[in-house]
Amino acid sequence: MSAEVDALTVVNQLRDLAADPLNRRAIVEDQGCLPGLILFLDHPNPQVVYSALLAVRYLAECRANREKMKGELGMMLSLQNVMQKSTSPGETKLLASEIYEILQAAGKEEAEQAEAASASCRRKAHFFLGSNNKRAKTVVLHIDGLDDSTRRSLCEEALLKIRGVISFTFQMAVKRCVVRIRSDLKAEALGTAINSTKVMKAQQVVKTDDGGELMVPFQEDAAVLVEENTDIPDYLPEDESPSQEQDKAVTRVGSITDGMGWLSTAANFLSRSFYW
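Chemist: When you look at the nonpolar core in this model, what are you seeing that I'm missing?
Modeler: Generally speaking, nonpolar side chains in soluble globular proteins are found buried as a group. Ranked by internal contacts, the top residues of the largest apolar core, which has 41 residues, are Leu 37, Leu 53, Met 69, Met 75 and Leu 79. When residues of this core are assigned to their parent elements, the largest contribution, eleven residues, is made by helix H4 (residues 46-60). Those residues in contact with Leu 79 that sit more than four places away from it in its chain are Leu 41, Leu 53, Ala 96, Ile 99, Tyr 100 and Leu 103. Ranked by size, the runner-up nonpolar core spans 24 residues in total, among them Leu 141, Ile 143, Phe 170 and Cys 177.

Chemist: Please clarify how the packing of helix H9 (residues 149-160) against helix H10 (residues 187-195) should be interpreted in this entry.
Modeler: Each pair of packed helices can be summarised by the angle the axes make with each other and by the distance between the axes. Contact geometry of H9 with H10 gives a least axis separation of 9 Å together with a crossing angle of 135°. If you check the angle between H9 and H10, you find them oblique. The hand of the H9/H10 crossing is right-handed. Side by side, H9 and H10 meet where Cys 155, Ala 158 and Leu 159 of the first sit next to Leu 190, Ala 193 and Ile 194 of the second.

Chemist: Which parts of the structure should I look at to understand the side chain of Arg 24?
Modeler: Tracing the sequence through the fold places Arg 24 in helix H2 (residues 24-29). Buried within the structure, Arg 24 lacks any salt-bridge partner; its nearest side chain of opposite charge belongs to Glu 61, at an N-O separation of 4.9 Å. Among the polar contacts made by the side chain of Arg 24, one reaches the main-chain carbonyl oxygen of Ala 18 at a distance of 2.8 Å. The residues touching Arg 24, leaving out its near neighbours within four places in the chain, are Ala 18, Ala 19, Tyr 58, Leu 59, Glu 61, Cys 62 and Asn 65.

Chemist: Please explain the confidence of the model for the protein chain as it appears in this structure.
Modeler: Low pLDDT means the predicted coordinates in that region are not meant to be read closely. Scored by pLDDT, the protein chain has a mean of 76; 67% of the residues are at 70 or more. Taken as a whole, residues 124-132 scores under 50 in pLDDT and shows 28 contacts with residues more than four places along the chain or in a different chain. In the predicted structure, residues 233-259 sits below a pLDDT of 50 and forms 59 contacts with residues beyond four places in sequence or in another chain.

How each quantity is defined
- Residues numbered from 1 in each chain as written.
- Predicted model: local features only at pLDDT ≥ 70, side-chain atom pairs only at ≥ 80, totals over all residues.
- Heavy atoms only, no water.
- Core = buried A, V, L, I, M, F, W, Y, C linked by side-chain atoms within 4.5 Å.
- Buried < 20%, exposed > 50% of the residue type's maximum accessible area, 1.4 Å probe, protein only.
- Helix = DSSP H or I, 4+ residues; strand = E, 2+ residues; numbered from the N terminus.
- Contact = heavy atoms within 4.5 Å.
- Axes fitted to C-alpha atoms, helices over the stretch in contact; angles between N-to-C directions.
- Parallel < 35°, antiparallel > 145°, perpendicular 65-115°, else oblique.
- Left-handed = near helix turned anticlockwise from the far one by under 90°.
- Lys, Arg positive; Asp, Glu negative; His and termini not counted.
- Salt bridge = Lys/Arg side-chain N within 4 Å of Asp/Glu carboxyl O.
- Polar contact = N/O pair within 3.5 Å; in protein donor to acceptor, adjacent residues only side chain to side chain.
- pLDDT = per-residue confidence, 0-100.

Take a look at the structure:
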């Protein structure tokens, strides 16, 4: 990594590494990365804060990490500061609140967590799946026409205009987008926004009782009011993220072997940049 690396570059890379379930334990156990992410939560750049929250949320997906994360110096206080700060965008506050609730509950069901720890850390990298926060939900979309980076950019722009979209990730190989939204936002609003591009058409992917999947088209004649988003910072770019590789069906950002070199480099950067 060049000497010109900055905080946003580092936190984006940590976010991408944390997206891989196989990297999450190593990141939390590293002596520099978790404390560095906590410091990023107080960064003046809102994009850095949001990206750090995404990374922390990924890490909290692993049940075995939660107790250590909760006890890490400054973690809970920094999350509270983000939630209470008047300048924090609404979606940033919601994400911080979701993480706070997850970590706050850590340790209350130790027996269950110990049993589920191994399976949880290797779970497929669905974007923020779980029922910990009843104020948010996950919608999976199949998007006909999601063929290349240009179409992906159009889809990003359409989703970012919707108030209530917290975050999203793409699975280009299977033309899908996994979207995390507020519980009061209708999935039809996502379909309306994507269909408005005129070059893509979205269907919702739902699970059937027998464990299969069903494609449910959105009604074209349904008038859904889409409230535009104005208070969230620019969505963090993923131009250099390996998750854009179109030969993989889930968000995969490198194995633990590949990631450890970057963890070391990131930790060295954090050590040079902050006083502990």
